[in-house]
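Chain by chain, the residues run as shown.
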Amino acid sequence: MGVQDGKATWTQDAIASVAGATASITVAAPLDVIKTRLQSGTSTESGSTILFNLARTEGPGAFFRGLWPKLLVVGPKLVFSFTVAQQMIGVFERQMGGR
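Every value quoted in this text rests on a predicted model; they were computed, and no experiment measured them. (Residues numbered from 1 in each chain as written. Predicted model: local features only at pLDDT ≥ 70, side-chain atom pairs only at ≥ 80, totals over all residues. Heavy atoms only, no water.)

1. Quick word on the packing of helix α1 (residues 10–39) against helix α3 (residues 67–95)
Logical step 1: Interhelical geometry of α1 versus α3 gives an angle of 140° and a closest axis separation of 8 Å. When the axis of α1 is compared with that of α3, the two are oblique. The hand of the α1/α3 crossing is right-handed.
Logical step 2: For the contact of α1 with α3, the residue count by class is 12 nonpolar, 9 polar and 3 charged. (Axes fitted to C-alpha atoms, helices over the stretch in contact; angles between N-to-C directions. Helix = DSSP H or I, 4+ residues; strand = E, 2+ residues; numbered from the N terminus. Parallel < 35°, antiparallel > 145°, perpendicular 65-115°, else oblique. Left-handed = near helix turned anticlockwise from the far one by under 90°. Nonpolar A, V, L, I, M, F, W, Y, C, P; charged D, E, K, R; others polar.)

2. Here's the deal with α1
Logical step 1: Along α1, the sharpest change in direction is near 40° and occurs at A29; proline P30 comes one to four residues later.
Logical step 2: Considered for burial, the residues of α1 that qualify are Q12, D13, A14, S17, A21, I25, A29, P30, V33 and I34.
Logical step 3: Looking at the buried positions of α1, the neighbouring elements they touch are α2 (47–57) and α3.
Logical step 4: Positive backbone phi, approximately 75°, marks G41, located one or two places after α1. (Bend = angle between axes of the 7 residues up to and from the residue. Buried < 20%, exposed > 50% of the residue type's maximum accessible area, 1.4 Å probe, protein only. Contact = heavy atoms within 4.5 Å.)

3. A word on the pattern of salt bridges
If the charged atoms of two oppositely charged side chains come close together, the side chains can form a pair.
Logical step 1: One pass over the full model with this rule turns up 3 salt bridges.
Logical step 2: Here K70 ties to D32 by a salt bridge, and the two come within 3.0 Å at their closest N and O atoms. Taken together, the residues K70 in helix α3 and D32 in helix α1 connect sequence positions 38 residues apart.
Logical step 3: Residue classification places K70 among the partly exposed residues on the basis of a relative accessible area of 34%.
Logical step 4: A relative accessible area of 22% means that D32 is categorised as partly exposed.
Logical step 5: One continuous salt-bridge network, built from bridges that share partners, spans R37, E58 and R65. (Salt bridge = Lys/Arg side-chain N within 4 Å of Asp/Glu carboxyl O.)

4. As for α3
Logical step 1: A rise of 1.5 Å per residue sets the reference length of α3, with its 29 residues, at 42 Å; its end C-alpha atoms lie 40 Å apart and thus fit the reference within 8%.
Logical step 2: The largest bend along α3 reaches roughly 40° and is located at V74, with the proline P76 sitting one to four residues downstream.
Logical step 3: Taken together, the buried positions of α3 are occupied by L67, L71, G75, L78, V79, T83 and G90.
Logical step 4: Two residues or fewer past α3, G97 is found with a positive phi of approximately 85°. (Expected span 1.5 Å × (residues − 1).)

5. Some points on the confidence of the model for the chain
Logical step 1: Of the residues in the chain, 92% reach a pLDDT of 70 or more, and the chain-wide mean stands at 85.
Logical step 2: Across the chain, α2 holds the top mean pLDDT of 91, while α3 sits lowest at 86. (pLDDT = per-residue confidence, 0-100.)

6. Observations concerning the nonpolar core
Logical step 1: One finds A21, I25, A29, L67, L71, L78 and V79 forming the largest nonpolar core, which totals 7 residues.
Logical step 2: Elements that contribute at least two residues to this core include exactly α1 and α3.
Logical step 3: When residues of this core are assigned to their parent elements, the largest contribution, 4 residues, is made by α3.
Logical step 4: Other than its neighbours up to four places away in sequence, L78 contacts A21, S24 and I25.
Logical step 5: V33, I50, A62 and F63 belong to the second largest nonpolar core, which has 6 residues in total. (Core = buried A, V, L, I, M, F, W, Y, C linked by side-chain atoms within 4.5 Å.)

Now the structure itself:
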């Protein structure tokens, strides 16, 4: 699975894209939960208050509520975008003469 001459294969790009998409969605999930609670309009609490109350009353798992649906909906789009972007870099480099 090694990369030869700095050029990854389509499969290597796809695997890296899956990892990158999963990581980016997972890292952003806690902020999405807090943002959703702020935007729901049912509370006048600040973001930090929501953060502490959520951790205290619902536990750390509450920060990842809705993660699976988001992975299933947004994940494929990110994987496609990342893979196509990586492949297009090679196309543009070849057209530009390897610059």
